[in-house]
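An overview of the molecular structure
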Amino acid sequence: MLPLRDCGALNPAATYTDRWFGLADVTPDQAALSEVVTPMLRGHERVLHVGIGASELARRWSGRVSQIDGITVMQGELDASPALPNYRVWWRNKYASGGWPDNYDVIVDNNPGSFACCRKHSSEWLDSAAGMLAPGGMFVTHARGCTYRKPGGVAMGWLAWWWAGKRRGMRVERFTADVWIWRRGT
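What you see is a predicted model, and the numbers here were worked out from it, not measured in a lab. (Residues numbered from 1 in each chain as written. Predicted model: local features only at pLDDT ≥ 70, side-chain atom pairs only at ≥ 80, totals over all residues. Heavy atoms only, no water.)

Here we take up the layout of surface pockets. Its volume calculated, the second largest pocket comes out at about 170 Å³. Every residue lining the second largest pocket is listed: Arg 119, Ser 122, Ser 123, Leu 126, Val 154, Ala 155, Met 156, Ala 160, Trp 163, Ala 164, Arg 167 and Arg 168. A class-by-class count of the residues in the lining of the second largest pocket yields seven nonpolar, two polar and three charged. (1 Å grid on protein atoms, 1.4 Å probe; cavity = no way out; pocket = protein on both sides within 12 Å on 5 of 7 lines; lining within 4 Å. Points joined across faces, edges and corners; volume = space filled by probe spheres on them. Nonpolar A, V, L, I, M, F, W, Y, C, P; charged D, E, K, R; others polar.)

The next point concerns the pattern of salt bridges. In this structure the tally under the stated criterion is nine salt bridges. Between Lys 120 and Asp 6 there is a salt bridge, with its nearest N and O atoms 4.0 Å apart. Highlighted residues: Lys 120 in helix α4 (residues 119-132) and Asp 6 in the segment before α1 (28-37), separated in sequence by 114 residues. In this structure, Arg 60 engages Glu 35 in a salt bridge whose closest nitrogen and oxygen atoms are separated by 2.7 Å. Note that Arg 60 is positioned in helix α2 (residues 56-61) and Glu 35 in helix α1, a separation of 25 residues in sequence. What makes Glu 35 partly exposed here is its relative accessible area of 48%. Within the structure, one salt-bridge network assembled from shared partners comprises Asp 6, Lys 120 and Glu 124. (Salt bridge = Lys/Arg side-chain N within 4 Å of Asp/Glu carboxyl O. Helix = DSSP H or I, 4+ residues; strand = E, 2+ residues; numbered from the N terminus. Buried < 20%, exposed > 50% of the residue type's maximum accessible area, 1.4 Å probe, protein only.)

With that out of the way, let us pick up the nonpolar core. Judged by nonpolar contacts, the single largest core of 26 residues is most densely connected at Leu 48, Ile 107, Trp 125, Phe 139, Trp 161 and Trp 182. Secondary structure elements with two or more residues in this core: β1 (46-50), β4 (104-108), α4, β5 (133-142), α5 (143-146), α6 (158-167) and β7 (179-183). Counting residues per element, this core draws most heavily on α4, which supplies five residues. Leu 48 has contacts with Asp 69, Ile 71, Trp 100, Tyr 104, Val 106, Ile 107, Val 108, Trp 125 and Met 132, leaving out every residue within four places of it along the chain. Core analysis: the next-biggest nonpolar cluster, separate from the first, contains 20 residues, Leu 33, Ile 52, Leu 78 and Met 138 among them. (Core = buried A, V, L, I, M, F, W, Y, C linked by side-chain atoms within 4.5 Å. Contact = heavy atoms within 4.5 Å.)

As a further point, take the environment of His 121. Position of His 121 relative to the elements: it lies in helix α4. Classification of His 121 as buried rests on a relative accessible area of 1%. Setting aside chain neighbours within four positions, we find His 121 in contact with Asp 6, Cys 7, Ala 9, Leu 10, Pro 12 and Tyr 95. Side-chain polar atoms of His 121 contact the backbone oxygen of Ala 9, separated by 3.1 Å. (Polar contact = N/O pair within 3.5 Å; in protein donor to acceptor, adjacent residues only side chain to side chain.)

Once that is clear, we can look at α6. Residues separated by three or four positions in an α-helix point in the same direction, a consequence of the helix having 3.6 residues per turn. Within the sequence span of α6, burial applies to Trp 161, Ala 164 and Gly 165. All buried residues of α6 fall inside an arc of 95° around its axis, so they share one side. In α6, the exposed residues that point more than 90 degrees away from the buried face are Leu 159 and Arg 167. Among the structural elements, α4, β5, α5, β6 (171-174) and β7 are those in contact with the buried residues of α6. Immediately beyond the C-terminal end of α6, within one or two residues, lies Gly 169, with a positive phi of roughly 75°. (Arc of directions from axis to C-beta.)

Next up, the structure:
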């Protein structure tokens, strides 16, 4: 099933129905993102983790950054999230509109369009993510999640990710073969 151009919803419901990762092992793509980003952290960063799973990034980074915020549409992941210094978690659908904070130094989302309801809301999420980046900030994804899509979701290969970043004024990098980054200018 191809993605709809526009689902017609003003504020779409979450469509993620895959496995719950609240107490599970970390996925290979999430582990790869963690390995790449961890050495880049300097201690002052504000981080947004989209799809917290078992809160592995928070466990690893809460003492290394000034703030880590996480969002999930899985109530079980929210309930299982640990109480850690500098870590806040919300139930939130990234494809729903409005009210996003700004000035994140790092946004980690290994499935930017995979569970979107339509192309319009996937594109709006990418607009929001680009707009939330602080000067010099980076939006990090992984090829595995970026190219995956549930039926109706939006998959992006490297070229689509590159163009989406360029249209939003980002510098686009293939940090490794599978870790892709948008960077906002300073």
